[in-house]
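Spelled out from the first residue to the last, the chains are:
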Amino acid sequence: MVEAVLIDLFSLPANLQNNIEGLLRNTLETIEKCSSIPAPFVYVMCCQRQGSERNGEQESLLPALRDFQSLKKRLEVVRALTTAAALYTIKQRLDEKELSIIKVILPTLRKDLMKVYIDHLFTAVYQFEFEDLQVTSDCENLQIAEPRSEEQTPPTQDVALIRSEIQMYLESLPSLKGKLTILRSSLIPDDIFLHGFTTRTGGISYIPTLSSCNLFSSSKRRDPQVVVKENLRRLANAAGFNPETFHRVKIDHANAVCIMGKTEPDSYDGIVTNQKGVTIAAPGADCIPVLFADPVRKACGAAHSGWKGTLLGVSMATVNAMVSEYGCNVEDILVVLGPSVGPCCYKLPHESAKEFHRIDPKCVRLFDSASPYIDIRRATRILLESGGILPENIQDDSVTDQNQNITFCTACHPDKFYSHFRDGANFGTQIGFISIKD
């Protein structure tokens with residue numbers, strides 16, 4: 001069942017321009033006649049000419065809109081200077097109402113270009129159907145997608161222009177939830193390394209659980225890759241690294257490590273490099289983003305350590321890669337644990353808790369309960385120290401001076417951090433990043 005209808009009047013062919021009111025009236029009549037109760041939300045997408053009166057389009061369409069009382073509260077005209085701006089505004093309306101099944105009614109000549117916009121601005125969460133603007137009175141047209149004609153790929157030049165238009169629009173948007181904030185550790189020398197842990201402020205992601213500096217996109221979430229890329233660009237500008245030489249781990253919740261410059265594994269939770277100017281990163285939204293720095297051999301690493309990765313020893317696997325690849329001495333390596341879910345909030349089933357109890361009974365609280373509280377940070381420290389990392393070279397939430405603490409509990413600080421544990425499936429992601437300065 002279609003939940004929303006988008007009528008694209010943004011760039012009508014010249015032969016249809018004079019009949020815009022009639023086309024809209026016919027289309028709305030079909031929607032009103034054929035839709036189930038309640039009717040779908042309807043968005044009419046129009047071009048707002050530069051310098052023209054804001055309500056010009058609205059006024060010209062009023063006669064066509066006035067008669068559709070059943071759609072009145074569900075009908076909105078969206079005007080913008082570009083298709084990207086109009087479509088992104090409509091996406092916000094859809095997301096506010098958690099709508100995902102959309103029919104797009106548009107001129108045939110616009111279909112292939114519209115698909116490019118949609119591919120960039122939406123994710124696989126959404127389902128789209130397409131119909132020619134000259135609608136019929138087929139009353140099933142809001143429930144069954146019409147057979148698709150053979151798709152044609154727009155010229156490369158057109159695709160490049162669309163990408164540029166989208167990028168310019170996203171760059172023009174204001175930052176949300178305050179300024180972009182980066183947490184830094186005093187343990188890592190800033191004359192050699194550039195590093196930090198991000199918070200959730202200062203980006204453009206607007207969905208509440210993803211707002212605002214979300215740095216990960218997936219097919220299961222509503223934040224598209226272009227928005228994450230813009231958030232990363234803003235982070236890179238604030239932090240001082242090049243987003244074009246940025247590499248993030250490909251999470252598998254295991255212990256594989258990627259060596260920059262060598263064949264990249266299909267998935268890995270650790271990454272190391274000794275290349276200057278290359279920024280490596282690990283995400284975290286409860287799982288620990290762990291950063292590694294060797295100021296002697298000038299090498300660094302990043303790891304994503306959730307409860308599975310912690311038990312599998314991903315942190316020591318990253319240390320061992322630095323030792324074997326770059327000749328690092330374990331005693332020279334500095335390790336910082338970033339914001340992550342704390343033992344105050346994090347629970348696991350009893351069977352999984354047993355594994356942490358074996359590492360150290362103090363890693364588990366209320367061990368006899370069905371879902372004990374787990375301290376994955378303490379477990380990480382114990383495994384690192386067992387591998388030869390000096391206790392004073394590890395920074396976590398055990399620091400004496402709490403003004404130096406950056407290992408905050410993500411679940412306890414909704415204003416500062418994302419949390420899968422707290423926010424559910426459509427959660428945002430922060431990162432820990434590090435690079436060797438040129």
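Residues numbered from 1 in each chain as written. Predicted model: local features only at pLDDT ≥ 70, side-chain atom pairs only at ≥ 80, totals over all residues. Heavy atoms only, no water.

Within an unreviewed UniProt entry, the label attached to the chain reads Purine nucleoside phosphorylase LACC1, and the organism entered is Oceanodroma tethys. Among the UniProt annotations of the chain, the heading Sequence similarities (unreviewed entry) holds the following wording: "Belongs to the purine nucleoside phosphorylase YfiH/LACC1 family." In its Subunit (unreviewed entry) section, the UniProt entry covering the chain states "Interacts with FASN. Interacts with SDHA. Interacts with ATF6, EIF2AK3 and ERN1." (UniProt positions renumbered as here; feature names shortened; annotations may be inferred.)

J.: In this structure, what is going on with the pattern of salt bridges? I would like to understand it.
T.: Any two side chains of opposite charge can pair, so long as their charged atoms come close to each other. Evaluation of the coordinates by the stated rule reveals 19 salt bridges. Note that Glu-230 is salt-bridged to Arg-233, the shortest N-O span being 2.7 Å. Of this pair, Glu-230 and Arg-233 both sit in helix H7 (residues 225–239), 3 residues apart, which is roughly one turn of that helix. Across the pair Arg-234 and Glu-230 runs a salt bridge, and its minimum N-O distance is 2.6 Å. Residue Arg-234 and its partner Glu-230 are located together in helix H7, separated by 4 residues, close to a single helical turn. A residue is classified by how much of its surface remains accessible, and Glu-230, at 4% relative accessible area, is buried. Through salt bridges that share partners, Glu-171, Glu-230, Arg-233 and Arg-234 make up one connected network. (Salt bridge = Lys/Arg side-chain N within 4 Å of Asp/Glu carboxyl O. Helix = DSSP H or I, 4+ residues; strand = E, 2+ residues; numbered from the N terminus. Buried < 20%, exposed > 50% of the residue type's maximum accessible area, 1.4 Å probe, protein only.)

J.: Any chance you could explain empty space enclosed by the protein here in plain terms?
T.: The method is simple in principle: a probe with the dimensions of a water molecule rolls over the atoms, and the space it marks as empty is what remains. Within the structure shown, the criterion is met by 1 cavity of 30 Å³ or more. Considered as a void within the structure, the largest cavity measures approximately 40 Å³ in volume. Partitioning the lining of the largest cavity into residue classes produces 4 nonpolar, 6 polar and no charged. (1 Å grid on protein atoms, 1.4 Å probe; cavity = no way out; pocket = protein on both sides within 12 Å on 5 of 7 lines; lining within 4 Å. Points joined across faces, edges and corners; volume = space filled by probe spheres on them. Nonpolar A, V, L, I, M, F, W, Y, C, P; charged D, E, K, R; others polar.)

J.: Can you help me understand the side chain of Asp-294 in this one?
T.: Its location among the elements puts Asp-294 in strand S12 (residues 288–294). Although Asp-294 is buried, it forms no salt bridge, and the closest oppositely charged side chain is Arg-297 at an N-O distance of 5.7 Å. Other than its neighbours up to four places away in sequence, Asp-294 contacts Phe-193, Ala-299, Met-322, Cys-328, Asn-329, Asp-332 and Ile-333. (Lys, Arg positive; Asp, Glu negative; His and termini not counted. Contact = heavy atoms within 4.5 Å.)

J.: Where do I start with the nonpolar core in this structure?
T.: Side chains of a nonpolar character, in soluble globular proteins, are inclined to be buried together. Counting 41 residues, the largest nonpolar core has Leu-87, Val-104, Met-114 and Leu-170 as its most contacted members. Take this core: its biggest share by element is 7 residues, from helix H4 (residues 83–96). Per-domain counts for this core show at least three residues from each of domain 1 (4–50 + 60–135 + 156–171) and domain 2 (176–436). Setting aside its immediate chain neighbours within four residues, Val-104 contacts Leu-6, Met-114, Ile-118, Phe-128, Glu-129, Phe-130 and Glu-131. Ranked by size, the runner-up nonpolar core spans 36 residues in total, among them Val-335, Val-341, Ile-376 and Cys-409. (Core = buried A, V, L, I, M, F, W, Y, C linked by side-chain atoms within 4.5 Å. Domains from an automatic or database assignment.)

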